Each structure stands twice: as C-alpha cells, then as structure tokens.
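Structural overview for review
Spelled out from the first residue to the last, the chains are:
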Amino acid sequence: MFKPARHGEVGGVSLQRSQQQKPLRSHDRFNLCAEMSHKIVNLRVRDVRFPTSLEQHGSDAMHTDPDYSAAYVVLDTDSGLKGFGLTFTLGKGTEIVLCAVKALAGLVIGKSLQEIVSNFRGFYRLLTSDGQMRWLGPEKGVIHLATAAVLNAVWDLWARAEGKYHAMYLSIQDPKQIVSCIDFRYITDVLTEEEALDILVKAQEGKKQREDQMLKEGYPAYTTSCAWLGYSDQQLKQLCSDALKSGWTRFKVKVGADLEDDIRRCRLIRKMIGPSSTLMIDANQRWDVAEAISWVSRLAEVKPLWIEEPTSPDDILGHAAISKALAPLGIGVATGEQCHNRVMFKQFLQASALQFVQIDSCRLGSVNENLAVLLMAYKFQVPVCPHAGGVGLCELVQHLILFDYICVSADLRNRMCEYVDHLHEHFTSPVVIQDAHYMPPKDPGYSCEMLEESGLYFKHFTFVQYKHWRGKNILKLSHKRTGLKMSKEKVFQKAWGTEINFLQSSFSVTVNRIFFFLLIKVPSFSESFDFFLILFGLSFIM
Ligand SMILES: C[C@H](O)[C@@H](O)CC(=O)C(=O)O
C-alpha cells in the first residue's frame, strides 16, 4: 500500500492510469446546487498514519523517525455534499490533534455553509477565540493545527458547492469577499483591510493572462525528495540522477546533524546538479544562533540559496541576526513551516528576519490566515515559497501559491513551491507535476479527499502490523545510533507508549494477533465494536 510516488508521476501511478481510473468523488455522487445551505450535520475525524520512518523518508536533523500522518476531517452535510480537510502530523502526535478536533466539533456541527461563508471572519474567530479553548493557544500549537484541519474541510466544502477549485475560485471572487475571510486583528499595524483590498484590486490587472500562463506552464517547484538526512550517499546519487532526468533544477538538502557529513553530502549534490541549478539547505531548528552562522558559513562553498529553519522557529530576533550575518555570503534565511500564526509572520517581516516566507496550509489557520500572510509578504516584497510534502500538503498548498501568483504578487522571481514525492496515491485528486512544475488542479475542492481505504490506513496498521513496523524501526535506529541491542520488550514499550504495554505479554500478543488477523482479513469484524471490546478485555486480563 505504501508506495512512494516517483518523479514525473502522479502519486505513484502514471498520468494515463490515473486519468482512466478516476475514483468517484463525493462531488460526483450528488446533484449539487450552489443555492443550498448545506447544513453540517456531522464531523468525523480519523487518525491516518504511514510508516515513512521505516525507509527514513522525511528524516531530518530533529525528526529522525517521522511517520507521516494526518488528522483527517470529513464534514457531512444535510445535502449529501461532504467537505474534506486535514492537518499534517507525525505519528503519535496525531492522537492529540484528534482530541482537539473533537473539542472543536461542537462549534461547527449545526452551522450551514451559507452561514459560515457569509461571515467567514466571524467563524474563524469563533473557532480561534472560544473562551475556554483559546487558553490552549491562542492560535498556536495543537489547537491551531486542529483549527486548520476543520477550516480546510470547510474551504473544501465551499469550493465543491461552487464546483470550483480554490485558486480559480478565489480569483474570480470579488476582492471584498476575499478580505472578508481574513481576521485582521493583531496585524493592522502593518496591513489594514483597506490596504489588503487595494492590493487585490490592483492585481486584477493581468489576472487572466497569469491564469492562462499557469494552466499552460504550471507553478515552479523544487524537490526535497533526494536528500533526506537518513538517506545513504548511494541513495542521494540515485535519486538526484533520477530527478535530473525528470527535469528538476531545484533541490533541497537536509543538514544539521554532523558538519563534515553535511559538507560531503552538499558537495556531492552540488557536483551532480551543476552550478546553474538551485540548492537549498534545511536544518530543521537544530542550532543556536552563533552555531547556525558558523555552520552555514562552512557550507557557503556549495552556494545555497537559503538556510531553512536554522534555529528555534520562535526566535525572531535570532533569525534576524542570522539573516544579517549570512547576507554578505549571498545566503538567505527561510522559515515558516512551524511559524504559528500571522502575528509571528508579521514580526519576522518587520524584523527582516527572513528572506523567504514558507507558509504552511495546516500550521496556520487554513486559507483564512494564509491569505493574511500572503498579503503581508507582498507588502514587504518578500517572496513566498511554501512548505509542502507531508501528507497532503502539496495537494493543499498548490491552491494558495497559484492564488498568490494570479491574484496577489504577479511575480515568479525567487519563488517556488516545495514538492515531495510521497503519498499522493492516497488522494482522489493527487497533485500533477510536469517538468518540475505544479499543474493547476482541475477537480472542484481543496484536493485533500483521501481514498476510502487510505483514510483507514492506520486502522489497518493498528496493533499487529503497527507494532511490527514501529518495533522494527526503533530496533534499526537504536542499533545505528548506539550500537546497543534493545530487548524486545523495550522496543515495544518505546514503540507503543504506556497505554498499550499490556501487549508485551506474549500470550496476549497471540490473542491479539488472531483477533487482528480477523480484523484485517474480515472487514465485517472491524465494524463490530462489541466484538472488539470483548477481545480487548480478554487480552487485557490475560
Ligand atoms: C519531518 C518532516 O519531514 C520535515 O523534515 C519536513 C521539512 O522540514 C520540509 O519539508 O522542509
């Protein structure tokens, strides 16, 4: 099931195949009518995880065993139309985001789409300013990731109801309607509603040509897939050579664990891609400020365009100091994938602490908050190069970056969107990459509806397989790092956390194995909650 997509392909399947076998989307199943109110009658959230850490896909200096995951939200409406949204997470963290999404559900269920979009700013505030839940943020951390998942689903629902995909959808709307989705609270000292409106109105000129250009050429992308930190030199070489053949000219390399290693790996990539291709480096928050400056200075010989996340994502003045120190070397600072909200972006921009704005479709409060950041970045004339990859981030963020070009910046200089070639095959409308460019999506919605069986991925991995996967992974890593062999129990304990430690007993493992074999092989068992409870209790007693 877990098949990394290859460069030049759509989600691991060739273009022709995905076109021939278009899965039925919820949009096709219902006779839509834009005038309907689409009352939200239910919110479902699923814990979806993929064992990417097994092969070190996604590994960096701080996230050495990332299992790419998502809290996946489905909104059901009384008209039958559904909205799909998600937020990207890593492995066990997903459980916590799920709790937060459930806590927000009460604010969403019962509202109609019409009611929400007629006062979208108000609805954004409702979710982010709840008197009790805002204490968990406000507008940051788990509660904000959950807000993004829910709002992403609402934007998806809206676009489906209109039969449009977002970039085009937003671009044909009245600029007044766009600004009405943005909460300007806390940013009016740099961007007022009137200024935002002015930017959007001015950008109406030439919009049609830019739309046509994007439909023809697509939006420039860079790849991170060749050089995750856990990959061997052999893998780097192979992937880089494949990527070059597929037309990639912009590459990002993970750095930060070991300087000599970084120098060797970056030289290797630079040699392969040649002097005219673009190279970026990414430390994922590994260093202190002074360390970042000296480490990156040593890597200046490979001419990186930017150093991404050199230090704590919260350290705005630290980023400013790094930016200042590296400017004479021609190296910019990029950050944003863990920048919590528009207020932090505002200060990064005010402090000249970043030269590339890396918005994230799930870290910020969905399209609403991303719109605010795109407009602020335009005002400061700082290029936007979004974070993508993860689970569904490419699918989501392509809409935002197309909107940025068509409706805000009208500028492609120094702009590109990240691309990672994993997990696209799990989406009903996977991204289309042609010649290292994102081609505009064609299906209505926000492109993050997952295939039914993919939405259940973690469920199928639960217990027997998941344990096996995590156990194997941790054993492998522990051998690599310490040379020590861990006991089987220790591995299970680390992999599973305390709540499921009872599975360490071999007897209960056998009972569970039988049960989960049935669960996986016989679908009707998975629907039987009573049966599950009985076996769960039985294994606990044993
Ligand atoms: C843990 C993730 O893979 C992270 O390394 C992604 C990232 O920083 C990026 O894509 O950039």
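Residues numbered from 1 in each chain as written. Predicted model: local features only at pLDDT ≥ 70, side-chain atom pairs only at ≥ 80, totals over all residues. Heavy atoms only, no water.

With that settled, consider the packing of helix H6 (residues 141-162) against helix H16 (residues 366-380). Between H6 and H16, the shortest axis-to-axis distance is 7 Å and the interhelical angle comes to 100°. By the criterion of interaxial angle, the relationship of H6 to H16 is roughly perpendicular. Touching His144, Ala148, Leu151, Asn152 and Trp155 of H6 are Ser366, Val367, Asn368 and Glu369, all from H16. Of the residues in the contact of H6 with H16, the class split is 4 nonpolar, 4 polar and 1 charged. (Axes fitted to C-alpha atoms, helices over the stretch in contact; angles between N-to-C directions. Helix = DSSP H or I, 4+ residues; strand = E, 2+ residues; numbered from the N terminus. Parallel < 35°, antiparallel > 145°, perpendicular 65-115°, else oblique. Contact = heavy atoms within 4.5 Å. Nonpolar A, V, L, I, M, F, W, Y, C, P; charged D, E, K, R; others polar.)

This part covers the packing of helix H15 (residues 342-350) against H16. One way to put it is that H15 packs onto H16 with a least axis distance of 10 Å and a crossing angle of 10°. Taken as axis vectors, H15 and H16 run roughly parallel relative to one another. For the pair H15 and H16, the contacting residues are Arg342, Phe345, Lys346, Leu349 and Gln350 in the first and Glu369, Ala372, Val373, Met376, Ala377 and Phe380 in the second.

Relative to the helices and strands, Thr89 is located in strand S3 (residues 82-90). There is a polar contact of 3.5 Å between the side chain of Thr89 and the backbone nitrogen of Ala70. Apart from the residues within four sequence positions on either side, Thr89 is in contact with Asp67, Tyr68, Ser69, Ala70, Ala71, Thr94 and Val97. (Polar contact = N/O pair within 3.5 Å; in protein donor to acceptor, adjacent residues only side chain to side chain.)

Attention now goes to helix H12 (residues 259-273). Over its 15 residues, H12 runs 21 Å from end to end, which matches the ideal 21 Å to within 8%, given 1.5 Å per residue. By the burial criterion, the buried members of H12 are Leu259, Asp262, Ile263, Arg265, Cys266, Leu268, Ile269, Arg270 and Ile273. Close packing links the buried residues of H12 with helix H11 (233-245), strand S5 (250-254), strand S6 (278-282) and helix H13 (289-299). Its side-chain oxygen 3.2 Å from the backbone nitrogen of Glu260, Asp258 forms the N-cap of H12. (Expected span 1.5 Å × (residues − 1). Buried < 20%, exposed > 50% of the residue type's maximum accessible area, 1.4 Å probe, protein only.)

What follows concerns the nonpolar core. Counting 145 residues, the largest nonpolar core has Phe120, Ile307, Val357 and Tyr438 as its most contacted members. In this structure Phe120 touches Leu151, Val154, Trp155, Trp158, Ser180, Cys181 and Asn368, once residues within four positions along its chain are discounted. Counting 7 residues, the second largest nonpolar core, distinct from the first, contains Tyr222, Trp306, Ala334 and Met416. (Core = buried A, V, L, I, M, F, W, Y, C linked by side-chain atoms within 4.5 Å.)

This paragraph deals with the pairing of strand S2 (residues 68-77). Of all 10 residues in S2, 10 are buried; the element is thus mostly enclosed. On S2, burial covers both faces: Tyr68, Ala70, Tyr72, Val74 and Asp76 on one face and Ser69, Ala71, Val73, Leu75 and Thr77 on the other are all buried. Pairing analysis gives 9 bridges linking strand S1 (residues 40-49) to S2, with the strands arranged antiparallel. The residue bridging Arg44 from the neighbouring strand is Val74, located in S2. Both S2 and S3 contribute to a ladder of 9 bridges, which runs antiparallel. Paired with Ser69 across the strands is Thr89, a residue of S3. From the end of S2 to the start of S3, which pair antiparallel, there are 4 residues, and Gly80 there has a positive phi angle of about 95°. (Pairing = 2+ DSSP bridges.)

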